[in-house]
Protein chains: 2
Amino acid sequence: MPATLRDVAERAEVSVRTVSNVVSGYEHVSKRMRTKVLAAIEELDYRANPVARTLRTGRTGMLGLVVPEITVPYFSELARDVIDAAAEYGYRVMIDQTGHDHDRERQLLMGDDRTMLFDGLLFSPLVTKSELLDMHGSTKMPLVLLGEHEFDGRYDHVAIDNVAAAKDAVEHLVQLGRSRIAAIGTQPLEEYATPLQRSAGYEAALHDAGMDVRPEFATTAAHYSRADGYSAARSLLERSPQPDAIFCFSDLLAIGAMRAVFDAGLSVPEDVAVIGIDDVEEGRFARPSLSTVSLDTPYIAREAVGRIVTRIDDPATPAEEIVAPHRLVARESTSASQSQ
Amino acid sequence: MPATLRDVAERAEVSVRTVSNVVSGYEHVSKRMRTKVLAAIEELDYRANPVARTLRTGRTGMLGLVVPEITVPYFSELARDVIDAAAEYGYRVMIDQTGHDHDRERQLLMGDDRTMLFDGLLFSPLVTKSELLDMHGSTKMPLVLLGEHEFDGRYDHVAIDNVAAAKDAVEHLVQLGRSRIAAIGTQPLEEYATPLQRSAGYEAALHDAGMDVRPEFATTAAHYSRADGYSAARSLLERSPQPDAIFCFSDLLAIGAMRAVFDAGLSVPEDVAVIGIDDVEEGRFARPSLSTVSLDTPYIAREAVGRIVTRIDDPATPAEEIVAPHRLVARESTSASQSQ
DNA sequence: TTGTACGCGTTATCAT
DNA sequence: ATGATAACGCGTACAA
């Protein structure tokens, strides 16, 4: 059995109160007491029990980070940055995967008993229908939304301007002289905000360039995975006319799409230019390296953690919408000169 | 304030004992009582406080997973599988990043106060010097080691046969007819087990093939990252003679190495064949697709979680060494016919 | 089958 | 500055 505060108190011949003061770094402790206590702690190899502390203080020092899949590079990079940012505030992060499971999202949001472990929740939801958020109403768990969805004034929310980001990407393809610009990542359901906003940006850019929006060029992808990007691109290449550029709603989709282009005997960017969104490291080492829209994930993480921490300290803080910067990063997959 | 067990008891006009019985699924509760309690729970939106429960039972229902970096695909895929495996036993997983920080590894192993949150620890260490493990001795925290290190009989330990895996990879290059086979991933320090074992396999394969081990062909890599693979390969290509094959100690190194080969104006596999270890999804979509040694991560995760769970239930369980299967997966990066 | 009362290890309140 | 003691919310030994 590990030593308790009381054990230390007995050993040092002081009260538990004094030991607690020493442990929690309270100012007003006499030097003599402190050294006695410290010695006892050392001898007994005492370590504070975080569970008991939590029961008393009501704080766990843990944040929950909810993402669809930790294996998606964007989310693992986000997780890393959130973990780092949280550490600066003395918080630790527990990652929850929803695995594209709506029920799981709802459960976490409504607060199953495990959710109570967190002082706050950073939620990167797939589904952003307001009904989902309504469910969270009864819980008092501080909540910050990551990623796009319509801001309704109830919850803190940090994301990039998705419509603009998508538009920037497509305009880049237009400036390249491409005229048959396809998209991968639209969604048949109206449940998800990300695809809706990126579709809007895609169509707006085409419109501004005086191009038609061809419905057969806007293809769906269920999971923003490499495999989905591959099969979507494959079917796009069977169209005639073929697209001469593909805007993918995520880098992973783009990676899959590029592979499909090669397997069709064509090349990127000569035959088909490809661009994604996210700027994950994988794209920088791909062949050709992947053009993309970079999201400044460290910024997003810092802002999100900052918001949740202030909200934990003062639940009455008004909700805020934070727009993170994004910028186009042109690499080989959309370069004018051929890149082999 | 959330409702407590006592609130529910009052509302349902029964004792806390009965409520507790209902909540924890105790058998012998009369139907009438149960429905009354359930109704009260519903009305008050009661949720058991996991912290109080933990303080009482001594169990948190959480496992700690310690990895160097969550953004490394192998670790995020491992994390996903561990999370899934743990869920089947009713455990949740908290991921800890050590970020190549030895002190952090030591801290977690020795049990800082936060470590006490876990019922058990799955530890994928960089450093495997026995001294590190000695430190864990005083703690009673159940521990399972993931990944390679010498088995010393004290701790459960699940890993592949690293020497054999490396040997298989190199033999594959030999069978391809390559004769100047380099390696990326050796370590200058003797602190790490993985590079030592993979080096041993590399040298054994060369030896069996009657080839010399050229010291200048064995290059180091600090972090098994794409960037390190890139710069290591770059310097290898400056040697003369140039290597005609590179065995990388991880897929990420191999991804970086392939990119370096292309940037040098050479091609894979024609000029230089490349093979890695891990079988991460990224390699399957790379161009050319990456040959590798596949590790059966789900198996590793299942075994590790199974071990830790039995050890939690019975701390006296003797330590066991579990060797996970591996298999060579030949893809385009080592194919005999050119793959463009 | 159900009720009462105590303890898990800590922090906070009230004294001194 | 320090000591005694009451919570925090739950599980369970013991009693009924």
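Residues numbered from 1 in each chain as written. Chains lettered and ligands numbered in written order. Predicted model: local features only at pLDDT ≥ 70, side-chain atom pairs only at ≥ 80, totals over all residues. Heavy atoms only, no water.

Per an unreviewed UniProt entry, chain A carries the name LacI family DNA-binding transcriptional regulator and comes from Paramicrobacterium chengjingii.

### Re the protein's contact with DNA strand D
Rule in force here: Nearness is judged by heavy atoms alone; a residue qualifies as near a molecule or strand once a single heavy atom is within 4 Å of it. Under this definition, polar contacts are N or O atom pairs within 3.5 Å; protein pairs additionally need one hydrogen-donor-capable and one acceptor-capable atom, and for neighbouring residues in sequence, both atoms have to be side-chain atoms. Here a helix means four or more residues in a row that DSSP labels H or I, a strand means two or more in a row labelled E, and each is numbered from the N terminus.
S30 and R56 of chain A together with L5, R53 and R56 of chain B are the nearest of the 22 residues found near DNA strand D. Considering the 4 Å shell around the protein, atoms of DNA strand D inside it are sugar or phosphate in 64% of instances. In the environment of DNA strand D, a base oxygen lies 2.9 Å from a nitrogen or oxygen atom belonging to the side chain of R17 of chain A. S20 of chain B places a side-chain nitrogen or oxygen 3.4 Å from a phosphate oxygen of DNA strand D. Put simply, the parts of the chain that give the surface near DNA strand D at least two residues each are α2 (16-23) and α4 (50-57) of chain A together with α2 (16-23) and α4 (50-57) of chain B. Among the elements that line the surface near DNA strand D, the one with the most residues is α4 of chain B, at four residues.

### Considerations on the packing of α2 of chain B against helix α3 (residues 31-44) of chain B
Residue and element names in this part refer to chain B. Heads up, the rule is: Working convention: axes come from line fits to C-alpha atoms, limited for helices to the stretch in contact. Angles between N-to-C directions cover 0 to 180 degrees. Roughly parallel means an angle under 35 degrees; roughly antiparallel, over 145; roughly perpendicular, 65 to 115; everything else is oblique. Working rule for contacts: check all heavy atoms of both residues, and any pair within 4.5 Å makes them a contact. Any residue outside Ala, Val, Leu, Ile, Met, Phe, Trp, Tyr, Cys, Pro, Asp, Glu, Lys and Arg is labelled polar, Gly included; the first ten of those are nonpolar and the last four are charged.
At a minimum axis distance of 10 Å, the contact between α2 and α3 shows a crossing angle of 85°. The pairing of α2 with α3 is recorded here as roughly perpendicular in orientation. On α3, the residues touching T18, V19, V22 and V23 of α2 are M33, R34, V37, L38 and I41. Its residues assigned to classes, the contact of α2 with α3 comprises seven nonpolar, one polar and one charged.

### With respect to the pairing of strand β2 (residues 92-97) of chain B
Within a regular beta strand, the side chains point alternately toward one face of the sheet and then the other, so they alternate between its two faces. All names here are of chain B. For clarity, the threshold we go by: Burial classes: relative accessible area under 20% of the type maximum marks a residue as buried, over 50% as exposed, and values in between as partly exposed (1.4 Å probe, protein chains only). A pair of strands is considered paired only if DSSP assigns at least 2 bridges between the two.
Of all the six residues making up β2, six are buried; the element is thus mostly covered by neighbouring parts of the structure. The alternating pattern of β2 places R92, M94 and D96 and V93, I95 and Q97 on opposite faces, both of which are buried. Bridge analysis of strand β1 (residues 62-67) against β2 gives six bridges, and the strand direction is parallel. Considered in β2, the bridge of V66 is made with D96.

### Points about the interface of chain A and chain B
Here is the rule: Buried surface area refers to the total accessible area, computed with a probe of radius 1.4 Å, that the two partners give up upon joining, counted for both partners together. Salt bridges, as used here, are contacts in which a Lys or Arg side-chain nitrogen is within 4 Å of a carboxyl oxygen on Asp or Glu.
Contact with chain A, which involves 52 residues of that partner, is made by 53 residues of chain B. Buried area between chain A and chain B, summed over both chains or domains, comes out near 4,800 Å², and the portion from carbon and sulfur atoms is 58%. Interface area lost by chain A to chain B is led by R92, F285 and R287 of chain A, which between them contribute 17%. Applying the counting rule to chain A against chain B returns six salt bridges. For D96 of chain B, the salt bridge identified is with R92 of chain A, shortest N-O distance 2.1 Å. Joining chain A to chain B, the criterion identifies twelve residue pairs in polar contact (both at pLDDT 80 or more). At the level of secondary structure, the elements contributing two or more residues to the side of chain A that touches chain B comprise α4, α5 (73-88), β2 (92-97), α10 (226-237), α11 (251-263) and α12 (281-285) of chain A. Grouping the constituent residues of the side of chain A that touches chain B by class yields 22 nonpolar, 13 polar and 17 charged.

### Describing the packing of aromatic side chains
Where we set the bar: Here the aromatic set is Phe, Tyr and Trp, taking the six-membered ring for Trp, and pairing holds for ring centres within 6.5 Å; pairs whose planes are under 30 degrees apart are stacked, those over 60 apart are edge-to-face, and all others are tilted. Only when the NZ atom of a Lys or the CZ atom of an Arg is both within 6 Å of the ring centre and within 35 degrees of the ring normal do we say a charge sits over the ring.
For the structure on display, the rule yields eight aromatic pairs over all chains. Each member of the aromatic cluster is reached from another via a ring pair, and the members are Y202, F247 and F249 of chain A. In this arrangement the basic side chain of R287 of chain A is found over the ring face of F262 of chain B, its NZ or CZ atom lying 3.5 Å from the centre.

### A word on the domain arrangement of chain A
All names here are of chain A. In plain terms, the rule: Domain segmentation is taken from an automatic or database assignment of domains.
One can read the domain layout of chain A as domain 1 (5-56), domain 2 (62-160 + 297-325) and domain 3 (162-295). Computed from C-alpha coordinates alone, the two centres of domain 2 and domain 3 are separated by 28 Å. Listed as interface residues are 17 residues of domain 2 and, on the opposing side, 18 residues of domain 3. Summing the contributions of domain 2 and of domain 3, the shared interface buries around 1,500 Å²; its carbon and sulfur component is 56%. Per-residue buried area on domain 2 facing domain 3 is highest for Y74, E148 and I160; these three make up 36% of the total on that side. Joining domain 2 to domain 3, the criterion identifies three residue pairs in polar contact (both at pLDDT 80 or more).

### Considerations on the relation of the copies chain A and chain B
Here is the rule we go by: Least-squares superposition aligns the copies on the C-alpha atoms of those residues with pLDDT at or above 70 in both.
When chain A is fitted to chain B, the residual RMSD is 0.1 Å, and the transformation amounts to a turn of 180° plus an axial shift of 0.0 Å. In symmetry terms, the pair is related by a two-fold rotation axis. The position closest to the rotation axis in chain A is occupied by the C-alpha of M94 of chain A, lying 2.6 Å away.

### Some details on the protein's contact with DNA strand C
Residues in contact with DNA strand C amount to 25 residues; listed here are only the nearest, L5 and Y46 of chain A together with S30, M33 and R56 of chain B. Near-protein atoms of DNA strand C (within 4 Å) split between backbone and bases, with sugar and phosphate holding 65%. Take S15 of chain B: an N or O atom from its main chain is 2.7 Å from a phosphate oxygen of DNA strand C. In the model, a base nitrogen of DNA strand C is placed 2.9 Å from a nitrogen or oxygen of the R56 of chain B side chain. Per-element accounting of the surface near DNA strand C gives the leading share, five residues, to α4 of chain A. Its residues assigned to classes, the surface near DNA strand C shows ten nonpolar, eight polar and seven charged.

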